[in-house]
Amino acid sequence: MEKIHSDCPCRECFFCVMKETNPTKRRSNIRKFFRDLPNQDTDGQVLPISGIWNTAMSHPNDPEFIDLGIFECMAALIWKGLKNRRWLSQDQNVYIPYYAAHIIGSYTMNLEEFAQSAVQAGIVPPLVELLRGRLTWVEQRVAVRALGHLATYPSTFPSVAEHGEVLDLAMQLALSSLEIVYSHFYRSTDRRPGYHCDLLTRGMGGSEMESRKAEEWASQLQCWSLQLINCFAFKSEFVSDICNPTFLMELPGMWGGLVNESSPAGVGLLRTICQHRLGRGPVADCPGVIDALCNIARSSDDWQYMAIDCLLWLVQDSSTCHKVIDKAAPTLVDLSDLSSLGDHKRLGDTIFNTLQSMAPSSTPSNRTQELLDELVQSRQRAKLEKTMPKEDLRIKQAAALVVKLEGNSLFSSGNITGAAKKYSEALEICPLKSKRERVVLYSNRAQCYLLLQQPWLAISDATRALCMHSPVNRHAKSLWRRAQAYDMIGLAKESLLDAILFINECTGSTDPELSVKNTGSKVPDYAERLVKKQMRKAWLFRDAAVKHGAVSEDVLLGLGLGLGQEGEDSEWETASESDIEDDDDNGEDVMHSRKGTSGGFNSLIED
């Protein structure tokens, strides 16, 4: 063994063992260390555990520790913390069960053979006990993470599933995780467990940083619970247990907040459920879930395509189509101009073919049937236009421009209804291949519908414009209009996501009316006000805070905080309600002020 520094108190400590250069001695010493560690009651045990944690985090695919007893060691340490509270309260031992479960999760997240070794070492039972909440929510977080990794692999899923309570515990945790973190940690800044604070921030920053990290960990606790449930949802024998109506109704609202950057969360689980015939029935029986899927499908959510998949499968199924068609069809028609979305190619054609092949027993309402007939007529018109001479198409495009300018003039004079009719007339004339011009027409008509207090029509037109635009979902003014429309009907998350994407588009825009590069401001003031308002309404801990009386509903809704309550000459009004677009070659927009017309924008969107 190489020379050990004289300051080291123990020649058999983990760090000294790791310095051994002889491979045989090194393996033997590591094996002995893992075997002896759970039986020791000396202080300072958390130090080698944190060292192992660092190794597992940085090298999760390294096989060195796997067959030397690391999983047996970690399982024994968790059991020790659960059964011996005296030991747990000594020194810094309270950290050890957390680190042990985290180490298990890190080593099992990528390689199935590591997961098999973990299961054989008996790590599932102690993880299930942590999942029960036998310690605290921070240990629940790492336990559900590790169990989620084990449940991912075909060979180790049965070992998780044989503990029948795991699915029920995960569902309970998904429902209650945000309230647990809020009530047990977030709201009590002066009574937070010290080791929780240390784990959250690593000693960096004060209570504000702790609160930020707690929100992030609460999101992970919920999303990882959903990931574990999702592993069960792939097995048909568990679908009926998951499809509890109360649980299904809550799923669309489980999105993880803005701190969630990678998990499809609730909509991802709904997508897995909807792949099963057994799952589609219960989903179709929950109108609120269908409404939520339609809203996600017509939003800037990263997982928009998952909601679209759910709607398509529900329409394709003859046993559920008649239950959802009047909600799903209008949404799908709005999305039928999508060319692609992520890995989904020719998505618009898929939507059209699905709607065309609906079961005869679907019995849509008269309004839904009108929309379906219009979609068919639009496809027939596209085929006809392909055979038309280019000169005729140019004449139609010029005629549409004339009508659109008439609409702009009516809008400028305050005749919003007349302007909307002119934009509709222009859409009837404008060739379907003239995507850019049609984007402008739909977006302008959406603006009219906003001012006419018809938010659902505004959402429909803004969505159509965003689907036609290239790239998809990147037309700034349509994003802004849809954000306002979603705000009018109280859908904070959808409004927030559109508003954030609008700001991103403004930042990179060359349009002088949208660009904020040279204004000295990072974001437009009117957009910042809406984002602040929606962040309060969509705050991850909103429901928990209201339930525990920590803050009133009115405060969370932004009432009385001065958000968006501007005078008649506010930048909000001139920058958002009156930006009707032109589609001349130079791409400039015609801006019109609505001062003097009926109503004001503030009265439309503020609570």
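Thresholds applied
- Residues numbered from 1 in each chain as written.
- Predicted model: local features only at pLDDT ≥ 70, side-chain atom pairs only at ≥ 80, totals over all residues.
- Heavy atoms only, no water.
- Helix = DSSP H or I, 4+ residues; strand = E, 2+ residues; numbered from the N terminus.
- Contact = heavy atoms within 4.5 Å.
- Areas by Shrake-Rupley, 256 points an atom, 1.4 Å probe, with all protein chains shown as cover.
- Buried < 20%, exposed > 50% of the residue type's maximum accessible area, 1.4 Å probe, protein only.
- Patch = residues over 30% accessible without salt bridge, like charges linked within 9 Å, V, L, I, M, F, W, Y side chains within 5 Å.
- Salt bridge = Lys/Arg side-chain N within 4 Å of Asp/Glu carboxyl O.
- Lys, Arg positive; Asp, Glu negative; His and termini not counted.
- Charge placed at Lys NZ, Arg CZ, Asp CG, Glu CD.
- Arc of directions from axis to C-beta.
- pLDDT = per-residue confidence, 0-100.
- Phe/Tyr/Trp six-rings, centres within 6.5 Å; stacked < 30°, edge-to-face > 60°.
- Lys NZ or Arg CZ within 6 Å of the ring centre and 35° of its normal.
- Polar contact = N/O pair within 3.5 Å; in protein donor to acceptor, adjacent residues only side chain to side chain.
- Expected span 1.5 Å × (residues − 1).
- Axes fitted to C-alpha atoms, helices over the stretch in contact; angles between N-to-C directions.
- Parallel < 35°, antiparallel > 145°, perpendicular 65-115°, else oblique.
- Left-handed = near helix turned anticlockwise from the far one by under 90°.
- Nonpolar A, V, L, I, M, F, W, Y, C, P; charged D, E, K, R; others polar.

For the protein chain, the name recorded in an unreviewed UniProt entry is ARM repeat N-terminal plant domain-containing protein, with Rhynchospora tenuis as its organism.

Draft legend 1. Inspection of the overall build of the protein chain at higher detail. For the protein chain, the helix and strand inventory stands at 33 helices and two strands. Expressed as a percentage of contacts within the protein chain between residues at least 6 apart in sequence, the contacts between residues at least 24 apart total 70%. Accessible area of the protein chain: about 26400 Å², with a carbon and sulfur share of 49%.

Draft legend 2. Spotlight on unusual backbone geometry. The omega torsion of the bond from Ser470 to Pro471 falls at 0°, within 30 degrees of zero and hence cis. Residue placement: Pro471 occurs in the loop between α26 (455–468) and α27 (476–488). One non-glycine residue, Ala265, lies in positive phi territory at about 50°. Structurally, Ala265 is set in helix α16 (residues 265–274). For Ala265, a relative accessible area of 5% gives the class buried. At Asn473, a position not held by glycine, the phi torsion is positive, near 60°.

Draft legend 3. Just a positive patch on the surface, in detail. Together, Lys383, Lys386, Lys390 and Lys433 give the surface a local cluster of positive charge. Mapped onto the elements of the fold, Lys390 is located in helix α23 (residues 390–412).

Draft legend 4. Up close: helix α21 (residues 347–356). For α21, the complete set of buried residues consists of Leu347, Gly348, Ile351, Phe352, Thr354 and Leu355. Seen from one end, α21 has its buried residues packed into an arc of 165°, which puts them on one side. Its buried side turned inward, α21 meets α19 (304–316), α20 (321–334), β1 (340–341), β2 (344–345) and α22 (366–386).

Draft legend 5. Quick peek at the confidence of the model for the protein chain. Mean pLDDT over the protein chain stands at 87; residues scoring 70 or higher make up 86%. Taken as a whole, residues 1–6 scores under 50 in pLDDT and shows eight contacts with residues more than four places along the chain or in a different chain. Counting contacts from residues 558–578, a segment whose pLDDT is below 50, to residues more than four positions away or on other chains yields 56 contacts.

Draft legend 6. Layout of the pattern of salt bridges. All told, the structure shown has 35 salt bridges when counted by the stated rule. Here Asp285 ties to Lys323 by a salt bridge, and the two come within 2.9 Å at their closest N and O atoms. Of the two residues, Asp285 sits in the loop between α17 (277–284) and α18 (287–297) while Lys323 sits in helix α20, which places them 38 residues apart along the sequence. Salt-bridge contacts for Asp301 lead to Lys493; the nearest nitrogen and oxygen are separated by 3.4 Å. Of this pair, Asp301 sits in the loop between α18 and α19 while Lys493 sits in helix α28 (residues 492–507), and the two are 192 residues apart along the sequence. You can call Lys493 buried: its relative accessible area is 10%. Through salt bridges with shared partners, a single network forms among Glu129, Arg132, Arg134 and Glu165.

Draft legend 7. Seen up close, the packing of aromatic side chains. Here the structure, examined in full by the defined rule, presents 21 aromatic pairs. Judged by centre distance (5.7 Å) and plane angle (50°), the rings of Tyr182 and Phe541 are tilted. Of this pair, Tyr182 sits in helix α11 (residues 165–186) while Phe541 sits in the loop between α29 (525–537) and α30 (542–547), and the two are 359 residues apart along the sequence. Note on Tyr182: relative accessible area 3%, which makes it buried. Here the basic side chain of Arg141 rests over the ring of Trp217, its NZ or CZ set 3.7 Å away from the ring centre. Above the plane of the ring of Phe352 lies Arg379, whose end atom (NZ or CZ) is 4.6 Å from the centre.

Draft legend 8. Spatial organisation of the side chain of Arg381. Structurally, Arg381 is set in helix α22. Separated by 2.5 Å, the side chain of Arg381 and the backbone oxygen of Cys430 make a polar contact. Apart from the residues within four sequence positions on either side, Arg381 is in contact with Leu427, Glu428, Ile429, Cys430, Pro431, Leu432 and Arg438.

Draft legend 9. Just helix α2 (residues 23–36), in detail. An ideal rise of 1.5 Å per residue puts 20 Å on 14 residues; α2 measures up with 20 Å between its terminal C-alpha atoms. Burial in α2 covers these residues: Arg26, Ile30, Phe33 and Phe34. One face of α2 carries all of its buried residues, which in axial projection span an arc of 95°. In α2, the exposed positions angled more than 90 degrees off the buried face are occupied by Thr24 and Arg35. On the buried face of α2, the contacting elements are α1 (14–17), α3 (46–58) and α4 (70–83).

Draft legend 10. How the structure looks around the packing of α20 against α22. Running from N to C, α20 and α22 cross one another at 30°; their axes reach a closest spacing of 9 Å. It follows that α20 is roughly parallel to α22 by the angle criterion. As α20 packs across α22, the resulting crossing turns out to be left-handed. Every residue of α22 that contacts α20 at Ile325, Asp326, Ala329, Pro330 and Val333 is listed here: Thr368, Leu371, Leu372 and Leu375. Of the residues assigned to the contact of α20 with α22, the class counts are seven nonpolar, one polar and one charged.

Draft legend 11. Region of interest: the environment of Asp334. Inspection of the secondary structure assignment puts Asp334 in helix α20. Judged by its relative accessible area of 2%, Asp334 falls in the buried class. Residues within four places of Asp334 in sequence aside, it is in contact with Arg298, Ser460, Thr463, Arg464 and Cys467. Here the side chain of Asp334 touches Arg464 through a polar contact of 2.9 Å, side chain to side chain.

Draft legend 12. Examining the environment of Leu228 more closely. With respect to the helices and strands, Leu228 occurs in helix α13 (residues 207–233). Residues Leu228 and Ala146 lie 82 residues apart in sequence; the distance between their C-alpha atoms is 9.3 Å. In this structure, Leu228 is in contact with Val144, Leu147, Gly148, Ala151, Val166 and Ala170, ignoring residues within four places of it in sequence.

Draft legend 13. The arrangement of the environment of Ile459 in detail. You can see Ile459 is positioned in helix α26. For Ile459, a relative accessible area of 0% gives the class buried. Setting aside chain neighbours within four positions, we find Ile459 in contact with Arg298, Arg482, Ala485, Tyr486 and Ile489.

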